[in-house]
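An overview of the molecular structure
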Amino acid sequence: MTPAPGPVTVPAAVERLVRSLPPEKLPAYVYDLAALRDHAARIRTALGPRTELYYAAKANPETDVLRALSPYVDGYEVSSGGELAHVADAVPGRPLAFGGPGKTPEETSAALRTGVARFHVESARDLRQLARLARENGAGTGGRPPVGVLLRVNLPVPGGLPAGSALTMGGSPSPFGVDPADAEDLLRELTGDGRPVLRWYGVHAHLASGLTAPQHLALARSVVTWSAALAARHGLPLPEVNVGGGMTVDYTRPADRFDWAALGAGLDRLADEHPGTVLRIEPGRALTAYCGWYATEVLDVKRSHGENFAVLRGGTHHLRTPATKGHDQPCAVLPVRDRPDERPGDLVGALAETAGTVTLTGQLCTPKDVLARGVTAPGLRPGDRVAFALAGAYAWNISHHDFLMHPRPGFHFLGASPGGGPGRP
Ligand SMILES: *Cc1c(COP(=O)(O)O)cnc(C)c1O
């Protein structure tokens, strides 16, 4: 069993808003953009000048989130035509990397028209489709530059990743990237053309998630070493290596942060060993998880076969993360003590002060709709507020919103511009 999450501190501005919203305006997603800017600035500072930071938009593509990150990131990684169009619109002119398996001709053409900085090529077919469409698009002729390509390679994950701590997708059969052995022929094909429409910049690898800084560094080192050898075998320079995202977010320790300083220092050493190569990382979760809150109220409190349950307005159709990750979402209970309109009968359903822990569920008619177990909340009663932390990544946008047709949550963006108030009403 995983341990119950540690304590959660709700920022004052978030708590004020959550307490001020009337019940019918709950649940609500609250994004603390000031906290996001702080966090991103710290990450940027921890990374050396030869490490580029791209944000993987799939973690949270909210327009205000993309814009808040803009001063601190070198670009954005998108993995579909939808993300491509959305991100290009939200942060016009910022560099984009377009990856993902199964790119359609329409998506690839749209990406060429948008002028993405890098294509992450995932297969032989992906490469040939890109070359054909790039040629039709006039790339590499008439003063137009060739299209920039990184070859995504499914490299083995070095030993020493403790089992269970990281979700590994490299080094084993998968739809992502090409096998190391096949990279040789594809690289020849990519660079052998006399009138190149594509230009090879290096290797892309995103091999695992849930990685600590030492694990990410070990992975980065093996990817860069392999890529340098590949380039050397083909007599080519190696301008870039993208070593992926997957930096861990520890949902049991909501106050902890990934050790960006250790990663930055380690990547600096690695870059020093490979002069002429720029390193790039593309985290999603560890950038935006901490800035998001899913806030709601208690609708009902009950005992069932000896255990306490609180049913909340909303549920995993808005915040699917605890269901997909199999964890308890860290949360803070915000008791509402001052209730001028309350009559004695309203107290029915209050949890006894000594009642132990409670399971927080949503309104869905499925036993899987559990947001958190083992929450200590003596005296919890209907009307009390609950704020779930770490809901800024893979939260709203991975959830099955329409299941059971409950209303959608509200969205609030605090501190949308430096020193400013809420971003949109
Ligand atoms: C999902 C994804 C990422 C981001 O992963 P996180 O675990 O959110 O950091 C980066 N690169 C690729 C190719 C991805 O698919």
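Residues numbered from 1 in each chain as written. Predicted model: local features only at pLDDT ≥ 70, side-chain atom pairs only at ≥ 80, totals over all residues. Heavy atoms only, no water.

- An unreviewed UniProt entry annotates the chain as Type III PLP-dependent enzyme of Streptomyces qinzhouensis.
- In its Cofactor (unreviewed entry) section, the UniProt entry covering the chain states "pyridoxal 5'-phosphate".
- Recorded under Sequence similarities (unreviewed entry), the UniProt text for the chain is reproduced unchanged: "Belongs to the Orn/Lys/Arg decarboxylase class-II family." (UniProt positions renumbered as here; feature names shortened; annotations may be inferred.)

1. A few points about the pattern of salt bridges
- Overall, the coordinates contain 17 salt bridges when judged by the stated rule.
- Among the ionic pairs, Arg118 bridges to Glu240, the shortest N-O distance being 2.7 Å. Here Glu240 lies in strand E10 (residues 240-242) and Arg118 lies in strand E5 (residues 118-121), a separation of 122 residues in the sequence.
- The residue Glu122 makes a salt bridge to Arg152 at a minimum N-O spacing of 2.9 Å. Of this pair, Glu122 sits in the loop between E5 and helix H6 (124-136) while Arg152 sits in strand E6 (residues 147-152), and the two are 30 residues apart along the sequence. Across the pair, Arg152 and Glu122 agree in class, each one buried. (Salt bridge = Lys/Arg side-chain N within 4 Å of Asp/Glu carboxyl O. Helix = DSSP H or I, 4+ residues; strand = E, 2+ residues; numbered from the N terminus. Buried < 20%, exposed > 50% of the residue type's maximum accessible area, 1.4 Å probe, protein only.)

2. Points about the packing of aromatic side chains
- Applying the stated criterion across every chain, the model contains ten aromatic pairs.
- When the centroid spacing of 6.2 Å and the interplanar angle of 65° are considered together, the rings of Tyr29 and Trp396 count as edge-to-face. Here Tyr29, found in strand E1 (residues 28-32), pairs with Trp396, found in the loop between strand E17 (385-388) and strand E18 (410-414); they are 367 residues apart in sequence, far enough to count as distant. There is no split in this pair, since Tyr29 and Trp396 are both buried.
- On the numbers, 5.7 Å between centres and 10° between planes, the contact of Tyr29 with Phe411 is stacked. Pair noted here: Tyr29 is in strand E1 and Phe411 is in strand E18, with a separation of 382 residues, a long-range link.
- By relative accessible area, Phe411 is classed as buried at 17%.
- Through a chain of ring-to-ring contacts, the aromatic side chains of Tyr29, Tyr31, Tyr294, Phe388, Trp396, Phe411 and Phe413 assemble into a single cluster.
- Directly above the aromatic system of Tyr201 lies the positively charged group of Arg118, at a separation of 3.5 Å from the ring centroid. (Phe/Tyr/Trp six-rings, centres within 6.5 Å; stacked < 30°, edge-to-face > 60°. Lys NZ or Arg CZ within 6 Å of the ring centre and 35° of its normal.)

3. Re the site of the ligand
- Near the ligand there are 14 residues, and of these Lys58, Gly246, Glu282, Arg285 and Tyr394 occur at the shortest range.
- A distance of 2.8 Å is found between an oxygen atom of the ligand and a backbone nitrogen or oxygen belonging to Gly246.
- Within the contact set of the ligand, a nitrogen atom lies 2.7 Å away from a side-chain nitrogen or oxygen of Glu282.
- Coverage of the ligand by the protein chains reaches 90% of its 390 Å² of free accessible surface.
- Split by residue class, the shell around the ligand holds three nonpolar, six polar and five charged. (Near = heavy atom within 4 Å. Polar contact = N/O pair within 3.5 Å; in protein donor to acceptor, adjacent residues only side chain to side chain. Areas by Shrake-Rupley, 256 points an atom, 1.4 Å probe, with all protein chains shown as cover. Nonpolar A, V, L, I, M, F, W, Y, C, P; charged D, E, K, R; others polar.)

4. A look at the environment of Arg144
- Among the secondary structure elements, Arg144 is positioned in the loop between H6 and E6.
- Residue Arg144 is classed as partly exposed on the basis of its relative accessible area of 44%.
- Considered as a pair, Arg144 and Val197 are 53 residues apart in the sequence and their alpha carbons are 9.3 Å apart.

5. What about the domain arrangement of the chain?
- Per the domain assignment, the segments making up the chain are domain 1 (12-30 + 290-424) and domain 2 (99-281).
- The straight-line distance from the C-alpha centre of domain 1 to that of domain 2 is 39 Å.
- Contacts between domain 1 and domain 2 engage nine residues on the former and seven residues on the latter.
- Both faces considered, domain 1 and domain 2 share a buried interface measuring about 650 Å² in area, 69% of it formed by carbon and sulfur atoms.
- When the area that domain 1 buries against domain 2 is broken down by residue, the three leading residues are Tyr290, Pro330 and Leu390, summing to 73%.
- Scanning the region where domain 1 abuts domain 2 turns up zero salt bridges. (Domains from an automatic or database assignment. Contact = heavy atoms within 4.5 Å. Buried area = accessible area lost by both parts, 1.4 Å probe.)

6. Here's the deal with the sheet that holds strand E8 (residues 198-204)
- With parallel pairing, the eight strands of this closed barrel are ordered in space as E2-E3-E4-E5-E6-E8-E10-E11. Neighbouring strand axes in the sheet, compared pairwise and without regard to direction, differ in orientation by 30° on average.
- Across six bridges, the pairing between E6 and E8 is parallel. When the sheet's bridge partners are listed, Leu151 is paired in E8 with Val203.
- Sitting on the sheet, helix H4 (residues 81-90) is in contact with strand E3 (75-78) and strand E4 (96-98), with an inclination near 155° to E3.
- Here helix H8 (residues 213-233) sits on the sheet in contact with E8, E10 and strand E11 (278-281), set at roughly 145° to E8. (Pairing = 2+ DSSP bridges. Axes fitted to C-alpha atoms, helices over the stretch in contact; angles between N-to-C directions.)

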